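These are the residues of each chain, in order.
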Amino acid sequence: MAKLNLNRVDMPIQDPKARGRNFSEVTLGYNPELSLEEALRCIQCPKPLCTQGCPVGIDIRDFIKPLREGNMEEAVRVLKSKNNLPAICGRVCPQESQCEAKCVVGKRGAPVAIGRLERFVADWEINSAYKAHVELPKPTGKRVAVIGSGPAGLTCGADLAWRGHQVTIYEALHVAGGVLVYGIPEFRLPKRIVQAEIDNIAALGVEIVLDTVVGRSVTIDELLADGYHAVFLGTGAGLPMFLNVPGENLNGIYSANEFLTRANLMKAYDFPRYDTPLKMGKRVAVVGGGNVAMDAARVALRLGAEQVYIVYRRSEVELPARHEEVEHAKEEGIIFHVLTNPVGFVGGGRGLVTGMECIRMKLGEPDASGRRRPIPMPGSEFLLPVDTVVVALGTTPNPIIAATTPGLQTTPHGTLVADEETGKTTKDRVWAGGDIVTGAATVISAMGAGKRAAASMDAFLKGGA
Amino acid sequence: MYPIAAREELAPNIFLFRIEAPQVARKAQPGQFIMLRVDEMGERIPLTIADFDRERGTVDIVFAAVGRTTRKLAELQKGDSIANFVGPLGLPAEIGRFGTVVCVAVGYGMATMVPIARALKEAGNRVIGIAWARQGEYLFGLDRLRAACSELIVSAGNGADHSSFVIQPLRQVLQGGQPIHRVVVIGPACVMRYVSLTTKPYSIKTVVSLNPIMVDGTGMCGACRVAVGGVTKFACVDGPAFDGHLVEWDLLLARRCTYTGNEDQLSTFWQCEHCAQW
Ligand SMILES: Cc1cc2nc3c(=O)[nH]c(=O)nc-3n(C[C@H](O)[C@H](O)[C@H](O)COP(=O)(O)OP(=O)(O)OC[C@H]3O[C@@H](n4cnc5c(N)ncnc54)[C@H](O)[C@@H]3O)c2cc1C
Ligand code: SF4
Ligand code: FES
């Protein structure tokens, strides 16, 4: 047996200088030779640990095997039997803390680059004439309404269609995909890829109805009375949080949702070909340290900002964003102001923001979250001159559904009360999963929740109860 | 796609479009709005529901063709379709039995006030309408508004301080001796502001219908945030109706004008020339 290579095969990537000015995908993906080389690093464990780390339980070993043997169709089939959105997951999942964290090869060197292999297999399918054939069972005659077309709703809908139920997905916006289309930027997740995955789900017979705000255009109770046997709520956590400091409503201060929605969903980066504008300055501060903050900072750079700062109140080690995203941001020239917290904004003519008042922080004892608590240092206030600010502090669920659906119980955080294993809510015939239950989390955890709920709903629908 | 069932130019550059959108018509209430996108390249803009017909499944919108999107919209003809039409959004107007209500309608408000005035009258209120335009030719739809009100005062033109010809009739009503229980006003932000200033000394509850810039219209982006009584609200879900005495008007006007002109100074007084609401 050949000696195990302890280093993973690098994935080709766009040059940082060039990519900081374009919206094309940053990472370029493996070619067949590279994918084979990396796939050969997998030792095909008899009891693979990687799968235990996967929230949707992909048979990782078993899709890598045909990949090594050049049987791409079989690799696609194995992969897609557990994951309906693999081209997306291969790009945005935090594999380093999931499957790859468990991989045994990781005990001696770098773990197998499972995410990159997943992406390679999924992209192969999208770019080939081959379509994984799904044998749909006989229709059960049961109808399910899925609310929201993000990863939770898409996964739940697809799994229910696989089981023979008739699924309609209702989406408030004019495009399906949720955060995948309005939040995560083109250069990290091309919309062509998202659309291809959604088309595959539609091909299962899942109907997608756009332009429908459930709670306003139609209520959950009306859907249940209208012939749907069950409802899944996957409406995400779309309500942006603000700092609640003076001056925050000045012009030029955006929530990350507004900034990213204008840029990604509405394609402001291609203004005036597209009608939606995005007023961008030269010095941009992004407040927050998660993936969303990194995305916003990198979008700002691509839209022509000269200086882009990440302003984060804890230190660099606490940054919640994926390590890879932080590295990419730094390579592109994003400037990090850590241990810094905004306390207010000042503005000039036309109510436009001109500066952000900040205070320096130091780290104290660990708090309830286990991270060291940031403490302001009196007298360290200073003014950071900026003309655009993006607030990326996180989101909570939109209250429209809870407010218009009697019987649905919410937590003090605004999330829905639902059984962790099954997603069953406090209301009869209604399930929920994804960010609406957990608060803002990840694509794959939303998909996992959609999958578990689909299994529970299927049991309910087939039980004939 | 949402077909245009009827199109009419009500006044110079002011259009009524009747859109086939049964799911919006089915649930629409006075005071709510829709978001639309004209075509695949289009932006999303909010427009107030001017009327609806549940049986025919149509919704009326009225707009002045002044901005990028409204001009594009105005070029469409009966039989054409628009790409997206979502609603009804926002909270319905508060309809109750208040007593005597004054409804001030300016600009597109002359159309969008109709269902609100009608509902208020049906709820047992005496409804005094005031319609105003800069010039007589911009007065439109008065018959429908008159029918919706108990009484309609029509005024046109500008006084020396620009505002007087809409404020004067309102003042006369306020000083006329009869108790006024509520004022509702729909129109350009500066008109709503001056109406609110006028009623404030009388402590009469004054409801304005705010129309900040919006992106999604569902509470997702915060573009529409307004300050009311020192608290930040999202106009698309908490509104669009708010207490005019509590609204921070300078902020609203500044935020509305984010994408108009590039001057350093913002005219927050009465009808700045770029204002998309005229
Ligand atoms: C900028 C950004 C970057 C991110 N990066 C990553 C990453 O790299 N990796 C990762 O794993 N996760 C990432 N996430 C998080 C991830 O995208 C979310 O956790 C995931 O999308 C949640 O899925 P969901 O299906 O629960 O909800 P969402 O994706 O939010 O979808 C909910 C959908 O429901 C619709 N909806 C809401 N209310 C209604 C209603 N009343 N009626 C009808 N439809 C409604 C919404 O319009 C939306 O389309 C990122 C998030 C953001 C914002
Ligand atoms: S744990 Fe690593 S080496 Fe073992 S099967 Fe999974 S990917 Fe291959
Ligand atoms: S328009 Fe986006 S939150 Fe109101």
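Structure: above.
These numbers were taken from a predicted model, which means no experiment stands behind them.

Before we move on, can you summarise the site of ligand 2 with the specific residues and values?
Every residue lining ligand 2 is accounted for by Cys42, Ile43, Cys45, Pro48, Cys50, Arg61, Cys103, Val104, Val105 and Ile114 of chain A. Class assignment for the residues of the shell around ligand 2 results in nine nonpolar, no polar and one charged.

Give me the lowdown on the site of ligand 1, citing residues and values where you can.
Residues and elements named next belong to chain A. Around ligand 1, the structure places 33 residues, and the nearest of them are Val92, Ala152, Glu171, Val214 and Asp435. Within the contact set of ligand 1, a nitrogen atom lies 3.2 Å away from a backbone nitrogen or oxygen of Ala172. Val179 is positioned such that a nitrogen or oxygen atom in its backbone is 3.0 Å from an oxygen atom of ligand 1. Taken by itself ligand 1 offers 1000 Å² of open surface, and the protein chains cover 93% of this. The set of elements that each furnish at least two residues to the shell around ligand 1 consists of α8 (151-162), α13 (291-302) and α17 (443-462). It is α13 that contributes the most residues to the shell around ligand 1, three residues altogether. Along the lines of polarity and charge, the residues of the shell around ligand 1 split into 17 nonpolar, 12 polar and four charged.

Give a description of the interface of chain A and chain B that names residues and reports values.
Facing the 42 residues of chain A at the interface are 49 residues of chain B. Between chain A and chain B lies a buried interface of about 3800 Å² when both sides are counted; carbon and sulfur atoms form 49% of it. Salt-bridge contacts for Arg68 of chain B lead to Asp275 of chain A; the nearest nitrogen and oxygen are separated by 3.1 Å. For the pair chain A and chain B, the interface holds 21 residue pairs in polar contact (both at pLDDT 80 or more). If you tally residues by element for the side of chain A that touches chain B, the top one is helix α12 (residues 256-265) of chain A, at four residues. Within the side of chain A that touches chain B, the residues separate by chemical class into 18 nonpolar, 14 polar and 10 charged.

A description of unusual backbone geometry should follow, citing residues and the corresponding values.
With omega at 5°, the peptide bond leading from Phe271 of chain A into Pro272 of chain A counts as cis. Looking at the element boundaries, Pro272 of chain A is found in the loop between α12 and β7 (283-287). Of note, the bond from Gly239 of chain B into Pro240 of chain B is cis; its omega dihedral lies within 30 degrees of zero at 10°. Here Pro240 of chain B shows up in the loop between α7 (235-238) and β15 (241-243). With a phi close to 65°, Arg429 of chain A is a non-glycine residue in the positive phi region. Residue placement: Arg429 of chain A occurs in the loop between α15 (400-404) and β16 (430-432). Owing to a relative accessible area of 25%, Arg429 of chain A belongs among the partly exposed residues under this scheme. If you check the backbone angles, Ser203 of chain B has positive phi at about 50° while not being a glycine. Summarising the element assignment, Ser203 of chain B is placed in the loop between α6 (189-199) and β12 (206-209).

How would you explain the sheet that holds strand β4 (residues 230-233) of chain A if you had to name every residue and give the values?
Residues and elements named next belong to chain A. Read from one edge to the other, the open sheet built from five strands follows the order β3-β2-β1-β4-β16, with strand pairing classed as parallel. Both outer strands of the open sheet, β3 (207-209) and β16, are each paired with one neighbouring strand and no more. When strand polarity is set aside, the average angle formed by the axes of neighbouring strands in this sheet is 20°. Note that strand β1 (residues 143-147) and strand β2 (residues 166-170) share five bridges and pair parallel. Pairing of Val146 across the sheet is with Ile169, part of β2. Against the sheet, α8 engages β1, β2 and β4, with an angle of about 165° to β2. Against the sheet, α17 makes contact with β1, β4 and β16, and its axis sits at roughly 170° relative to β4, the strand it touches most.

Cut-offs and rules
Residues numbered from 1 in each chain as written. Chains lettered and ligands numbered in written order. Predicted model: local features only at pLDDT ≥ 70, side-chain atom pairs only at ≥ 80, totals over all residues. Heavy atoms only, no water. Near = heavy atom within 4 Å. Nonpolar A, V, L, I, M, F, W, Y, C, P; charged D, E, K, R; others polar. Polar contact = N/O pair within 3.5 Å; in protein donor to acceptor, adjacent residues only side chain to side chain. Areas by Shrake-Rupley, 256 points an atom, 1.4 Å probe, with all protein chains shown as cover. Helix = DSSP H or I, 4+ residues; strand = E, 2+ residues; numbered from the N terminus. Contact = heavy atoms within 4.5 Å. Buried area = accessible area lost by both parts, 1.4 Å probe. Salt bridge = Lys/Arg side-chain N within 4 Å of Asp/Glu carboxyl O. Buried < 20%, exposed > 50% of the residue type's maximum accessible area, 1.4 Å probe, protein only. Pairing = 2+ DSSP bridges. Axes fitted to C-alpha atoms, helices over the stretch in contact; angles between N-to-C directions.

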